[in-house]
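Each chain, letter by letter, is given below.
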Amino acid sequence: MDALNTVSYVFIGIGLFFNFIGAFGLHRFPDMYTRLHAATKCTTFGSIFLIMAVIVQSAGIWAIEGTLSQSVMCIHSVLALVALMVTNATGAHAIARAAHRSGEKPARAVVDDLESKAND
Amino acid sequence: MRFLITTVVAYLVYLLLTIGSGTVFLWSTAELIIGAVFAVVVGALLRNRFIGKDLRMLNPRRWFTFLVYLFPFFFAMAKANIDVAYRVITGRINPAIVKINPKLKNDLSLTILANSITLTPGTLSVDVDQKTNELYVHWINIDPKVLKDMPRDYHPICDSFPDWARRIAE
Amino acid sequence: MNWFPAIIAMAVCIIITVARIIIGPGAPTRLVAFDTTNTLVVASMVIVGMMFNHAIFIDVALVYALLSFTMTLYMAKYIEGSKF
């Protein structure tokens, strides 16, 4: 039980660190694309670790005590994790494409290959 | 065939969501029957949407390759996050949008590659040219070597991910 | 297992991103901050479910994740200005 708690605390620590980095990155970067970098990557990674902590805890209690409600919690957390991973990357791609087509320019960009291409 | 696959997948998802509800193994009888009815309805409605023309993704070797792919992908993802954390703290960025041609042929492999690019070091897929299958990638800290020649080299951006995507989905 | 500090820290994160929704210049930036807020809300909802030992919170989080994804896609389409 102690080992289980330690693993959960470590996962929560990593997850909270990356979530804070993502939240501060929104204020630290100059334009929308770089903010999208910080927001998508860091919060996805941090949320994965936070949910992993819940999975480890509930799976451990399920294995030790054999309560059925913990199994529900474990499996639904895994499904939430998969949904989060798939939808976040796709949503970020949709936002970036929409922003570029609506005329948002990347700040301080060295080269922009997409600008020369006509919008279809 | 497509109807059968869609029904089975829908039923499995329903069973996963209602686990631990009763006494027949882990499910109650009512849940099993309702799940079967809804799975047949979903399969009848969405059989043309869920799976395309060819059935090559049924090959279990592709799924095994996908599971193996998750390990290098996870390491690249951890590296990406440490990199972004470093850039958040120091504020040292040098962004650009570059065009790459990963030479993939179908939509599924391109989707896998675009999602991998979004979650891995310093890059974010912005747009896709559906006629020539070229990707436009926003790169947070550009490597000056890539800017010299016009058909860009994709190895600094996404080192071996196109090969993995080709092995999984083509 | 004490989950309470994690909830407080997540609430602080959510407040920081909501501040970006309020001050952020232009619609795309606000959409980015909105998407980030949704992810953080899903993660904290799963933690709340574990803290109170109710699996129903995690079901709500699952549905929230899928619905917020749909909403992000539609808002992106709206910003892009294309037909649906």
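Our subject is the structure that appears above.
Below, the structure is looked at part by part.

A few points about the overall build of chain A
- Regarding its fold elements, chain A presents three helices and zero strands.
- Mapped in sequence order, the helices and strands of chain A form the string α-α-α.
- For chain A, buried positions account for 60% of its 120 residues.
- Accessible area of chain A: about 4400 Å², with a carbon and sulfur share of 65%.

As for the interface of chain A and chain C
- The partner chain C presents 44 residues to the 45 residues of chain A that form the contact.
- Carbon and sulfur atoms make up 77% of the surface buried where chain A meets chain C, a total of about 3800 Å² over both sides.
- On inspection of chain A and its partner chain C, the count reaches two salt bridges.
- Inspection of the chain A/chain C interface yields six residue pairs in polar contact (both at pLDDT 80 or more).
- Contributing elements (two or more residues each) for the side of chain A that touches chain C: α1 (2-28), α2 (32-65) and α3 (68-101) of chain A.
- For the side of chain A that touches chain C, the element with the most residues is α3 of chain A, which contributes 19 residues.

As for the nonpolar core
- Judged by nonpolar contacts, the single largest core of 61 residues is most densely connected at Ile12, Leu16 and Leu50 of chain A, Tyr69, Leu113 and Leu135 of chain B together with Trp3 of chain C.
- Not counting residues within four places of it along the chain, the set of residues in contact with tryptophan 3 of chain C comprises Ile12, Ala53, Val54 and Gln57 of chain A together with Ile47, Met50 and Met51 of chain C.
- The next biggest cluster of nonpolar side chains, apart from the first, holds 18 residues, and it includes Ala96 of chain A, Val126 of chain B together with Ala76 and Ile79 of chain C.

Examining the interface of chain B and chain A
- Contact with chain B, which involves 44 residues of that partner, is made by 44 residues of chain A.
- Here chain B packs against chain A, burying approximately 3800 Å² in sum over the two surfaces, 72% of which is carbon and sulfur.
- Three residues, Asn81, Val88 and Ile97 of chain B, lead the burial of chain B against chain A; their summed loss comes to 16% of the area buried on that side.
- Scanning the region where chain B abuts chain A turns up one salt bridge.

Digging into helix α3 (residues 60-90) of chain B
- For α3 of chain B, with 31 residues, the first-to-last C-alpha span of 45 Å sits near the 45 Å given by 1.5 Å per residue.
- Where α3 of chain B bends most, at leucine 70 of chain B, the angle is about 25°, and the proline proline 72 of chain B comes one to four residues later.
- Considered for burial, the residues of α3 of chain B that qualify are Arg62, Thr65, Tyr69, Phe73, Ala76, Met77, Ala80, Asn81, Val84, Ala85, Arg87 and Val88 of chain B.
- Tucked into the core, α3 of chain B has its buried residues touching α1, α2 and α3 of chain A together with α4 (107-119) and α5 (161-169) of chain B.
- Glycine 91 of chain B, located one to two residues past α3 of chain B, shows a positive phi value of around 70°.

Observations concerning the side chain of glutamine 57 of chain A
- Assignment of secondary structure puts glutamine 57 of chain A in helix α2.
- Classification of glutamine 57 of chain A as buried rests on a relative accessible area of 4%.
- Once residues within four sequence positions are removed from consideration, glutamine 57 of chain A is found in contact with Leu4, Asn5 and Ser8 of chain A together with Met1, Trp3 and Met50 of chain C.

Overview of the sheet that holds strand β1 (residues 96-100) of chain B
- One open sheet accounts for three strands, arranged β1-β3-β2 (chain B); its pairing is antiparallel. At either end of the open sheet lies a strand with only one pairing partner, and these are β1 and β2 (123-129) of chain B. Taken over all neighbouring pairs, the strand axes of this sheet differ in orientation by 25° on average, direction set aside.
- The pairing of β1 of chain B with strand β3 (residues 134-139) of chain B spans five bridges and is classified as antiparallel. Of the residues in β3 of chain B, the one forming a bridge with lysine 99 of chain B is tyrosine 136 of chain B.
- Taken strand by strand, α2 of chain A contacts β2 and β3 of chain B, and its axis lies near 115° from that of β2 of chain B.
- Lying over the sheet, α3 of chain A contacts β1 and β2 of chain B, oriented at roughly 65° with respect to β2 of chain B.

Observations concerning the packing of helix α1 (residues 2-17) of chain B against helix α2 (residues 29-50) of chain B
Residues and elements named next belong to chain B.
- Between α1 and α2, the least distance of the axes is 7 Å, while the angle of their chain directions is 135°. Compared by their axis directions, α1 and α2 come out oblique. Where α1 crosses over α2, the two elements pack in a sense that is right-handed.
- For the contact of α1 with α2, the per-class residue count stands at 15 nonpolar, five polar and three charged.

A short note on the pairing of β2 of chain B
Residues and elements named next belong to chain B.
- The element β2 is largely enclosed, with a buried count of seven among its seven residues.
- With six bridges connecting them, β2 and β3 associate as antiparallel partners. Each bridged residue has a counterpart across the sheet, and for aspartate 129 the counterpart in β3 is glutamate 134.
- Taken together, β2 and the strand that follows it, β3, pair antiparallel across an intervening segment of four residues, in which asparagine 133 is found at a positive phi of about 55°.

Parameters at a glance
- All residue numbers refer to positions counted from 1 along the written sequence of the respective chain.
- Labels are handed out in written order, letters beginning with A for the chains and numbers beginning with 1 for the ligands.
- Where local features are concerned, this predicted model is filtered to residues with pLDDT of at least 70; where side-chain atom pairs are given and counted, the filter is 80 or more; whole-chain, interface and lining totals use all residues.
- Side-chain numbers come from the whole structure's heavy atoms, not from hydrogens or water.
- Put simply, DSSP H or I for four residues or longer makes a helix, DSSP E for two residues or longer makes a strand, and each gets a number counted from the N terminus.
- Exposure is judged per residue with a 1.4 Å probe applied to protein chains only, and the accessible area is read against the type maximum: over 50% gives exposed, under 20% gives buried, and values in between give partly exposed.
- Here the open area of atoms and residues is found with the Shrake-Rupley method and a 1.4 Å probe, where only the protein chains shown may cover a residue.
- By definition, residues are in contact when any of their heavy atoms lie within 4.5 Å.
- Summed over both partners, buried area is the accessible surface (1.4 Å probe) that two parts give up on being assembled.
- Just to be clear on terms, a salt bridge is a Lys or Arg side-chain nitrogen sitting within 4 Å of an Asp or Glu carboxyl oxygen.
- We call two N or O atoms a polar contact when they sit within 3.5 Å, provided that within protein one can donate a hydrogen and the other can accept it, with sequence-adjacent residues counted only if both atoms are side-chain atoms.
- Residues belong to one nonpolar core when they are buried, are Ala, Val, Leu, Ile, Met, Phe, Trp, Tyr or Cys, and are joined through side-chain atoms within 4.5 Å.
- Each residue after the first adds 1.5 Å to the expected span of a helix.
- We define the bend at any residue as the angle between the axes fitted to the seven residues before and including it, ending there, and the seven starting there.
- At least two bridges found by DSSP between two strands are what make those strands a pair.
- Only the stretch in contact is used when fitting a helix axis, every axis being a line fitted to C-alpha atoms; angles between N-to-C directions are given from 0 to 180 degrees.
- Any angle that falls under 35 degrees is termed roughly parallel, while one over 145 is termed roughly antiparallel, one within 65 to 115 roughly perpendicular, and all others oblique.
- Note: crossing handedness is left-handed where the near helix turns anticlockwise from the far helix by less than a right angle, and right-handed where it turns clockwise.
- Residues are grouped as follows: nonpolar covers Ala, Val, Leu, Ile, Met, Phe, Trp, Tyr, Cys and Pro; charged covers Asp, Glu, Lys and Arg; every other residue, Gly included, is treated as polar.

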